[in-house]
Every structure is written in structure tokens, then in C-alpha cells.
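Listed here are the chains, written in short residue letters.
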Amino acid sequence: MRILQVKIENWRSIRRLTLDLEKAITIIQGPNESGKSTVQEAIRHAFLVDAGSAASELKELVPWGSSAKAHVELSFETRSGERFRIVKSFPKGEARLYSGPKADALLAEGRGVQERIFESAGIPGAAADLFALLWIDQGAGIELFGKRRDGGPLAGPAQTLVKSIIKENLLS
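Cut-offs used in this document
- Residues numbered from 1 in each chain as written.
- Predicted model: local features only at pLDDT ≥ 70, side-chain atom pairs only at ≥ 80, totals over all residues.
- Heavy atoms only, no water.
- Helix = DSSP H or I, 4+ residues; strand = E, 2+ residues; numbered from the N terminus.
- Buried < 20%, exposed > 50% of the residue type's maximum accessible area, 1.4 Å probe, protein only.
- Contact = heavy atoms within 4.5 Å.
- Phe/Tyr/Trp six-rings, centres within 6.5 Å; stacked < 30°, edge-to-face > 60°.
- Lys NZ or Arg CZ within 6 Å of the ring centre and 35° of its normal.

**Brief notes about the side chain of Ser120**
Right, so step 1: Within the secondary structure layout, Ser120 lies in helix H3 (residues 112–121).
Right, so step 2: By relative accessible area, Ser120 is classed as buried at 10%.
Right, so step 3: Sequence-distant contacts of Ser120, that is, excluding residues within four places in its chain, are made with Thr78, Phe84, Leu97 and Leu107.

Written out as C-alpha cells, the structure is:
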């Protein structure tokens, strides 16, 4: 899978931003507080977070004093060349997934989007937790193996696999 474009509006300090990612590898660099982590956060939300949620942390995405919803639109292409576009707004927002040569044919909306994203990207259900590792927030790595009931950002078989890899490669 390759991300082709990311559009962000009303997301923390970013009023409006479009990034066209034409290369296989993209490095986003800049001074502190320039929005690098905010871009990563918007990408993570496009792939992983339920747009319909009313969670309090989602209310923090919208710029201070704004009544607009935080919005992310992400276009990606699979290895086979299929194109998809994810459109989400937060909090208590909408979610849509489009497909086709121009990624303009509605494939799913609402709660059905999350499941279809992984399916469309060719990510099997068991690998979804590992996919989430690509989008860990800055400074959150220490929480990977949290003792919370939900297992932290990594849970279940994926947590067991990562622990065994670490143990095998770093602790031996």
C-alpha cells in the first residue's frame, strides 16, 4: 500500500493542508511545533479511528474556538494498483470509503468503513494490530505493553508476537 495524498482541515493548528506523496518514501521534517506530529495523527485517525465516536480526546482535534469538525481525506493505492480514498470528520462525524480509478465510487459509509479499510488495503484481520504500530504517537512507545485492561495500543496475539521478537533479538 502507498499513500498518495493527505488533505487535512481544521486539525489542531492546521487550518488547511494538502500533501501529495509522490515518492515511495516520504520524510516530513521541520522545526518543533510545525505540525509534523499533527500530520501523523491525522493519517492514523484516517486508518484507525471511528469517526462517529464522541470520545473527549477527539474534541481536542478541532482548533480552539472553532465549531468546525476536524477533517481528513487520505488517498492510497494497493500493490495491485487499486485506488481508495478515506474521508472522515471528527468528533461525531462521518466516514466514507471510495474506490475506483479516480477513487470516486462510494464503497462504504458510516460504521462499515473501518472494516472495509483493512480489507481494501489487503491487511488481514490478524495483522490489524501490527498495522497500528506504524502510527504510534510520539512518546507512546513505552505504553506498548501497558497493564491496562485493553492491553494498551497493542493487544492480543500481536502483543505476544512483538514481545517474542523483542525478547529474541534484544534480550538474548
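**A word on the packing of aromatic side chains**
Right, so step 1: Applying the stated criterion across every chain yields a total of three aromatic pairs.
Right, so step 2: Plain terms: the ring middles of Phe76 and Phe84 are 5.4 Å apart, the flat faces sit at 25° to each other, and that makes the pair stacked.
Right, so step 3: For Phe84, a relative accessible area of 5% translates into the label buried.
Right, so step 4: An aromatic cluster of at least three residues, connected via ring pairs, comprises Phe47, Phe76 and Phe84.
Right, so step 5: Above the face of the Tyr98 ring, Arg85 is positioned so that its terminal group lies 4.3 Å from the ring centre.

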